[in-house]
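# Analysis of the macromolecular model
One letter stands for each residue in the lines below.
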Amino acid sequence: MSVSTAAIDPSVCAPLPVLGQDVTVPLVTGGEVTYAALDHAASAPALQRVWDDVAAYAPYYGSVHRGAGYLSQLSTDLFENSRRTVAEFLGCRAEDQVVFTRSTTDSLNLLAAAIPADCQVFVYETEHHASLLPWRDAQVTYLNAPRTPGQAVESLERALADRDPYGPALVCVTGASNVTGELWPVKELAAAAHAHGARIVLDAAQLAPHHPVDIAELDVDWVAFSGHKLYAPFGSGVLAGRADWLQAAEPYLAGGGASRKVARRADGGVDVDWHTTAARHEAGSPNVIGVYSIASACKALTEAGFDSLVAREQELVSRVREGLAEVPEVQVLSLFGDDAPRVGVISFVVRGWNSSHFAAALSAEYGIGVRDGLFCAHPLVRTLLGSDPQDPGECGTPEAEPGERSLNAIRVSFGAGTPDEHIERFLRAVTELVREGAQWKYRTEDGRCVPDRG
């Protein structure tokens, strides 16, 4: 395998500055190397811009919405301006609400708690567990994994047309797979949903950090995403979209901030008048730092030029896929085929290797951080690996010793801050491990493959 050393065209876009690019880690074989963070799909490193903005605000931190002091008023303005920034970033419609949550998982659970009691939910088996599992109190139809974008639309149309009774319905779909990185036909799925009287929520956890998301242009009803994947790792997420179901539902959390007026009744009970704004589902003291960090990331990505960021990332995707294709033992996982558009998320298995062993060797011998496991998308990975749905396997934990086959895969993921050198080192490491084997012995300890230092 010949790894290209040509730099990406600087006219496309330079990597955005992120924290941790100068962090060194020890190698089990001796010495140190700068850490190559290639696990963005789990959590992306913080943009330097986000860190700087948060540090500048931190001395002025205060409680929001109810404080009379200067810092409280300043923090309230910051919080609500952040809401407007996120709405603009997502292309929200005038009547849409932006609700701040803890994560994509939290956002989708909030929506699940707000859907009408007789709502039917349609979700593909290919979803991340965050969008596959929250609908516990609804009638759920799980759609089989499609093998083309067209099949995805056709299977949804059939399922919606056949539903009985014909009442409220919600479709939940990812924008970009957290396993294969493939882009889903969101606009076409939204059109199909609306044609059959259903609504649609977009899980944009993997899409928003890599590609512009426009609610109005895609014509989706809601969008959910997490700050920690959008280079803003301070514990906040977003649910943005239509307000009616959210306004009609009981507050996701009951408490201060969600309530507008509380009064005792003559019989000793309590009457509550809940807010109808986004505050209805934001009870408690909001995570101002987390919210501001998301807004900062939105501004940074917008100002850098999302089209340029996408173009550079596509060059990285092409380079990784071409490099892996030169190693016959590597099988890249895909639903829609080689020509499907995708973001910087690629999963693969290596013939003759336990995936956890391979990932451990990448880390211990090359200073490269990737992810191995089923990526909290168990049905999808099992489908892609051609395994029985009942086969054992847990998210992120190997079931086999080094050298034995395991029901898991390896995922490499990257983004706006990834240097060229990290990609080149990764491809070189894959080639060397496959051709020469690991330089160190490994064993399984507490469910993880680790270097054997005994």
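In short, a report on the structure. (Residues numbered from 1 in each chain as written. Predicted model: local features only at pLDDT ≥ 70, side-chain atom pairs only at ≥ 80, totals over all residues. Heavy atoms only, no water.)

The next point concerns the packing of aromatic side chains. Applying the stated criterion across every chain yields a total of 11 aromatic pairs. Where Tyr 57 meets Tyr 61, the ring centres are 6.5 Å apart and the plane angle is 70°; that geometry is what we call edge-to-face. Residue classification places Tyr 61 among the partly exposed residues on the basis of a relative accessible area of 47%. Pairing Phe 348 with Phe 426 gives two aromatic rings, centres 6.1 Å apart and planes at 65°, and the pair type is edge-to-face. With Phe 348 in strand β14 (residues 345-350) and Phe 426 in helix α13 (residues 420-436), this pair connects stretches of sequence that are 78 residues apart. Of the residues examined, Phe 426 reaches a relative accessible area of 0% and is grouped as buried. (Phe/Tyr/Trp six-rings, centres within 6.5 Å; stacked < 30°, edge-to-face > 60°. Buried < 20%, exposed > 50% of the residue type's maximum accessible area, 1.4 Å probe, protein only. Helix = DSSP H or I, 4+ residues; strand = E, 2+ residues; numbered from the N terminus.)

Sheet strands pair via backbone hydrogen bonds, and the direction of the pair is either parallel or antiparallel. In space, the four strands of this open sheet follow the order β13-β14-β17-β16, with antiparallel pairing throughout. In the strand order of this sheet, the two ends are held by β13 (330-332) and β16 (371-373), each with one partner. Neighbour to neighbour, the strand axes of the sheet diverge by 30° on average, direction disregarded. Of the strand pairs in this sheet, β16 and strand β17 (residues 409-413) are connected by three bridges, and their pairing is antiparallel. (Pairing = 2+ DSSP bridges. Axes fitted to C-alpha atoms, helices over the stretch in contact; angles between N-to-C directions.)

With 85 residues, the main nonpolar core has Leu 90 and Phe 225 as its most contacted residues. Top element by residues in this core is helix α9 (residues 288-304). It accounts for nine residues. Among all residues touching Leu 90, those that are not within four sequence positions of it are Val 213, Asp 214, Ile 215, Val 223, Phe 225, Val 238 and Ala 240. The next biggest cluster of nonpolar side chains, apart from the first, holds 34 residues, and it includes Val 28, Leu 316, Val 370 and Cys 449. (Core = buried A, V, L, I, M, F, W, Y, C linked by side-chain atoms within 4.5 Å. Contact = heavy atoms within 4.5 Å.)

This part takes up the pattern of salt bridges. Using the criterion set out here, one finds 23 salt bridges in the structure. Arg 242 is the partner of Asp 244 in a salt bridge, and the nearest nitrogen-oxygen pair spans 3.4 Å. Here Asp 452 and Arg 443 are joined by a salt bridge, their closest N and O atoms 3.5 Å apart. Residue class for Arg 443 comes out partly exposed when judged on its relative accessible area of 32%. Salt bridges here are not isolated pairs; linked through shared partners, they connect Arg 199, Asp 221, Arg 242 and Asp 244. (Salt bridge = Lys/Arg side-chain N within 4 Å of Asp/Glu carboxyl O.)

Attention now goes to the packing of α9 against helix α10 (residues 306-325). Look at α9 against α10: their axes get within 5 Å of each other, and the N-to-C directions meet at 80°. Taken together, the axis directions place α9 and α10 in an arrangement best described as roughly perpendicular. When α9 is examined against α10, the residues Leu 301, Thr 302 and Ala 304 are found in contact with a partner set consisting of Phe 306, Ser 308 and Leu 309. Within the contact of α9 with α10, the residues separate by chemical class into four nonpolar, two polar and no charged. (Parallel < 35°, antiparallel > 145°, perpendicular 65-115°, else oblique. Nonpolar A, V, L, I, M, F, W, Y, C, P; charged D, E, K, R; others polar.)

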